[in-house]
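Below, each chain spelled out in residue letters.
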Amino acid sequence: RKKEKTVFFCKECGHESTKWLGQCPGCGQWNTFVEEVIKNDTNLSGEISSDLPKTRPTKLKDVNYDEFSRTSTKMEELDRVLGGGIVKNSLILLGGDPGIGKSTLLLQVCKNLANQDKKVLYVSGEESLQQIKMRAERLGDFSKDMYLYCETDLSDVSREIINNSPDFVVIDSIQTMYNANVTASLGSVSQIRESTGILMRLAKEVGTTIVIVGHVTKEGTVAGPRVLEHMVDTVLYFEGDRYASYRVLRSVKNRFGSTNEVGVFEMNEDGLRQVNNPSEYMLSGRPENATGSIASCSMEGSRPILLEVQALICETSFQIPQRTANGIDLKRVNLLMAVLEKRARVKMSFCDAYVNIAGGLKIKEPAIDLGIALAMYSSFKNIPIDEKLVAFGEIGLSGEVRMVNMAEQRVLEAKKLGFEKVILPETSANSLKKISGIKIIGVKDVSEAIKAL
Ligand code: TYD
Ligand code: MG
């Protein structure tokens, strides 16, 4: 057998193939295959394995739950996403676009853990000691110390972890870690997978929590964090508009908790601040008496978040009308325009349409359909919508307004924030128990919703 072989990997999802493919059968993306040379059946992590303490099989009744103990990061929003704090011996992946605030968040976590007398090691392959210190100084009180280590050679990093057994380790970022036993280039699929495999073993066997930072990359041959998702215990993504200050932390996989929760943060001069009442935050700065603006409600995990949907509809001066959507899928906007046109006789196919979720949140939940449709209607007809009104509901192709889950939580959130009226699917309205202090308007279809405005 040959010592080395050439394989092709999708740098988005890690799909492996013996030949180059234009479209990845794994994730459906185009032009994501990169060529890598890997060594044939050598024990790549052998060198480090020999340093690790040997484990033995354990009797079931001897297993104690101590190993599952959680430590609070002293950031409620993060603890919630993790399912109640960080779990000992776990490997966590934190993904996100460059510059979104991953290093900042983790440095803050390091600070909070160090201040609880935990032994913390922050490994950076991206910044110098001085740069990290400069950042740390903006983040406040590091009175209890922590260790910084600027190193990209994973065998050195492993040795430090084995020798000092810290409670918490950050690897910033996995794409900068280099493993001399792997022939493939820095940041390649095989490099970052092999490194992650080693870190997983370290986390389990040394008994530490390791957080890996993974940049989401669009260009070049550097592999993205999705390639590692199946290898780790918990996968978190940090999202948001780089130019807006809010950030959402989402969990897409969690062996120790639900994947439903989100954490909301705001980027400030002194690091990330938690946003405990996201609805208030998302609705701040709403224009008064403006057309094309309405409040809607989306569930983010178990939390309802009220937000402002904005639409601008105007007659086009182009050959083909322009359509732009921010924070929601453009296809959804096109579909809703078609439904309005066909089912509610709102003729706007000759119009440009711009739809925006204020604050920059990205919403996938169809429950804001009704908000979008009414915002578009309001802009098209130049009629402002009552500021004290919230509308939510999924819209079907026949123009029907369909039931959404957790209607009650949404209505209660609206009431809490001082809204006076809510338009929602009739079916949801009927299943609601009585809520006083807010007017409930159940509607069957878009036309009824428009009438109710
Ligand atoms: P960073 O954590 O370096 O992002 P990542 O590690 O995900 O690449 O955050 C980078 C941005 O955050 C940078 O543009 C500066 C900004 N920032 C603040 O606004 N306030 C702060 O206190 C810090 C530390 C950074
Ligand atoms: Mg960084």
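Residues numbered from 1 in each chain as written. Chains lettered and ligands numbered in written order. Predicted model: local features only at pLDDT ≥ 70, side-chain atom pairs only at ≥ 80, totals over all residues.

### A short note on the overall build of the chain
Reasoning step 1: The number of helices and strands found in the chain is twelve helices and 23 strands.
Reasoning step 2: Its C-alpha atoms give the chain principal-axis dimensions of roughly 75 × 50 × 50 Å.
Reasoning step 3: Counting the 453 residues in the chain, one finds 44% classified as buried.
Reasoning step 4: Excluding contacts between residues fewer than 6 apart, the proportion of contacts in the chain whose partners are at least 24 apart in sequence is 68%. (Helix = DSSP H or I, 4+ residues; strand = E, 2+ residues; numbered from the N terminus. Buried ≥ 20, exposed ≤ 12 C-beta atoms within 10 Å, placed from the backbone. Contact = placed C-beta atoms within 7 Å.)

### Digging into the sheet that holds strand S3 (residues 33-39)
Reasoning step 1: Here three strands make up an open sheet; going across it, the order is S2-S1-S3 and the pairing antiparallel. Only two strands of the sheet have a single neighbouring strand rather than two, namely strand S2 (16-17) and S3.
Reasoning step 2: Across two bridges, the pairing between strand S1 (residues 4-10) and S2 is antiparallel. Bridging across to S2, Phe8 finds its partner in Ser17. (Pairing = 2+ DSSP bridges.)

### Section: the site of ligand 1
Reasoning step 1: Contacts to ligand 1 come from 15 residues, most closely from Gly101, Lys102, Ser103, Thr104 and Gly271.
Reasoning step 2: Broken down by secondary-structure element, the contributors of at least two residues to the shell around ligand 1 are helix H3 (102-114), helix H4 (129-138) and strand S13 (262-268).
Reasoning step 3: Considering every element that reaches the shell around ligand 1, the biggest residue donor is H3, with three residues.
Reasoning step 4: For the shell around ligand 1, a count of residues per class yields three nonpolar, seven polar and five charged. (Near = placed C-beta within 6 Å. Nonpolar A, V, L, I, M, F, W, Y, C, P; charged D, E, K, R; others polar.)

### Observations regarding the pairing of strand S8 (residues 147-150)
It is a general feature of regular strands that their side chains alternate between the two faces of the sheet.
Reasoning step 1: Pairing between strand S7 (residues 120-124) and S8: four bridges, direction parallel. The residue of S8 that forms the bridge with Leu121 is Tyr147.
Reasoning step 2: Of the crossover connections in this fold, the one passing from S7 over H4 to the parallel S8 is right-handed. (Right-handed = clockwise from strand over helix to strand, strands pointing away.)

### A word on H3
Since the α-helix packs 3.6 residues into each turn, any two residues three or four apart lie on the same face.
Reasoning step 1: Along its 13 residues, H3 runs 18 Å from first to last C-alpha, staying within 8% of the 18 Å computed at 1.5 Å per residue.
Reasoning step 2: With respect to burial, H3 is a largely interior element, twelve of its 13 residues being buried.
Reasoning step 3: Among the residues making up H3, those that are buried are Lys102, Ser103, Thr104, Leu105, Leu106, Leu107, Gln108, Val109, Cys110, Lys111, Leu113 and Ala114. (Expected span 1.5 Å × (residues − 1).)

### A closer look at the domain arrangement of the chain
Reasoning step 1: Domain boundaries in the chain define domain 1 (1-43), domain 2 (66-276) and domain 3 (281-452).
Reasoning step 2: One C-alpha centre belongs to domain 1, the other to domain 3; they are set 44 Å apart. (Domains from an automatic or database assignment.)

### Quick look at the pairing of S13
Reasoning step 1: Here five bridges tie strand S12 (residues 246-254) to S13, and the two strands are oriented antiparallel to one another. Bridge pairing links Val248 to Val264 in S13.
Reasoning step 2: Judged from the four bridges that link them, S13 and strand S14 (residues 271-274) form a sheet pairing that is antiparallel. Within S14, the position partnered with Asn268 by the bridge is Gly271.
Reasoning step 3: Between S13 and S14, which pair antiparallel and follow one another directly, the connecting turn spans two residues.

### Comments concerning the packing of helix H5 (residues 154-164) against helix H6 (residues 189-207)
Reasoning step 1: Interhelical geometry of H5 versus H6 gives an angle of 5° and a closest axis separation of 11 Å. Judged on the interaxial angle alone, H6 and H5 are roughly parallel. Residue-level contacts link Leu154, Ser158, Ile161 and Ile162 of H5 to Ser195, Ile198, Leu202 and Val206 of H6. (Axes fitted to C-alpha atoms, helices over the stretch in contact; angles between N-to-C directions. Parallel < 35°, antiparallel > 145°, perpendicular 65-115°, else oblique.)

### A few points about the sheet that holds strand S10 (residues 209-215)
Reasoning step 1: In space, the nine strands of this open sheet follow the order S8-S7-S9-S10-S6-S11-S12-S13-S14, with mixed pairing throughout. Only two strands of the sheet have a single partner each, and these edge strands are S8 and S14. Averaged over all pairs of adjacent strands, the angle between their axes in this sheet comes to 25°, without regard to strand direction.
Reasoning step 2: Pairing of strand S9 (residues 168-172) with S10 involves four bridges; the strand directions are parallel.

### With respect to the environment of Glu12
Reasoning step 1: One can find Glu12 in the loop between S1 and S2.
Reasoning step 2: Judged by C-beta crowding, with 23 C-beta atoms within 10 Å, Glu12 ranks as buried.
Reasoning step 3: Residues Glu12 and Leu397 lie 385 residues apart in sequence; the distance between their C-alpha atoms is 33 Å.
Reasoning step 4: With residues up to four places along the chain from it excluded, the contact list for Glu12 reads Cys24, Cys27, Gln29, Thr32, Gly224 and Arg226.

### Things to note about the nonpolar core
Reasoning step 1: Ranked by internal contacts, the top residues of the largest apolar core, which has 121 residues, are Cys110, Ile212, Ile372 and Met376.
Reasoning step 2: Ignoring anything within four residues of it in the chain, the contact list for Ile212 reads Leu91, Ile92, Leu93, Leu94, Ile171, Ile174, Thr196, Leu199 and Val232. (Core = buried A, V, L, I, M, F, W, Y, C linked by C-beta atoms within 7 Å.)

### Some words on the confidence of the model for the chain
Reasoning step 1: Here the chain averages 89 in pLDDT, and 95% of its residues register 70 or above.
Reasoning step 2: The ipTM value of the predicted complex is 0.95, and its pTM value is 0.81. (pLDDT = per-residue confidence, 0-100.)

### Some thoughts on the environment of Leu306
Reasoning step 1: Tracing the sequence through the fold places Leu306 in strand S16 (residues 303-315).
Reasoning step 2: Looking at Leu306, the number of C-beta atoms within 10 Å reads 24, which means it is buried.
Reasoning step 3: Expressed as a C-alpha distance, the spacing of Leu306 and Lys381, which sit 75 residues apart in the sequence, is 24 Å.
Reasoning step 4: Once residues within four sequence positions are removed from consideration, Leu306 is found in contact with Ser279, Met282, Leu283, Ala295, Cys297, Val390, Glu413, Ala414 and Leu417.

### Digging into H6
Reasoning step 1: Relative to the 27 Å expected for 19 residues at 1.5 Å per residue, H6 spans 26 Å between its end C-alpha atoms, a close match to the ideal helical length.
Reasoning step 2: Burial analysis of H6 places 14 of its 19 residues in the buried class, which makes it a mostly covered element.

### A short note on unusual backbone geometry
Reasoning step 1: Cis geometry marks the peptide bond from Asp172 to Ser173, where omega comes out at 0°.
Reasoning step 2: With respect to the helices, strands and loops of the structure, Ser173 is situated in the loop between S9 and H6.
Reasoning step 3: For Asn31, which is not glycine, the phi dihedral falls at a positive 55°.
Reasoning step 4: Mapping Asn31 onto the fold places it in the loop between S2 and S3.
Reasoning step 5: Residue classification places Asn31 among the exposed residues on the basis of 12 C-beta atoms within 10 Å.
Reasoning step 6: For Asn289, which is not glycine, the phi torsion reads 55° and is therefore positive.
Reasoning step 7: Here Asn289 lies in the loop between helix H7 (278-283) and strand S15 (293-300).

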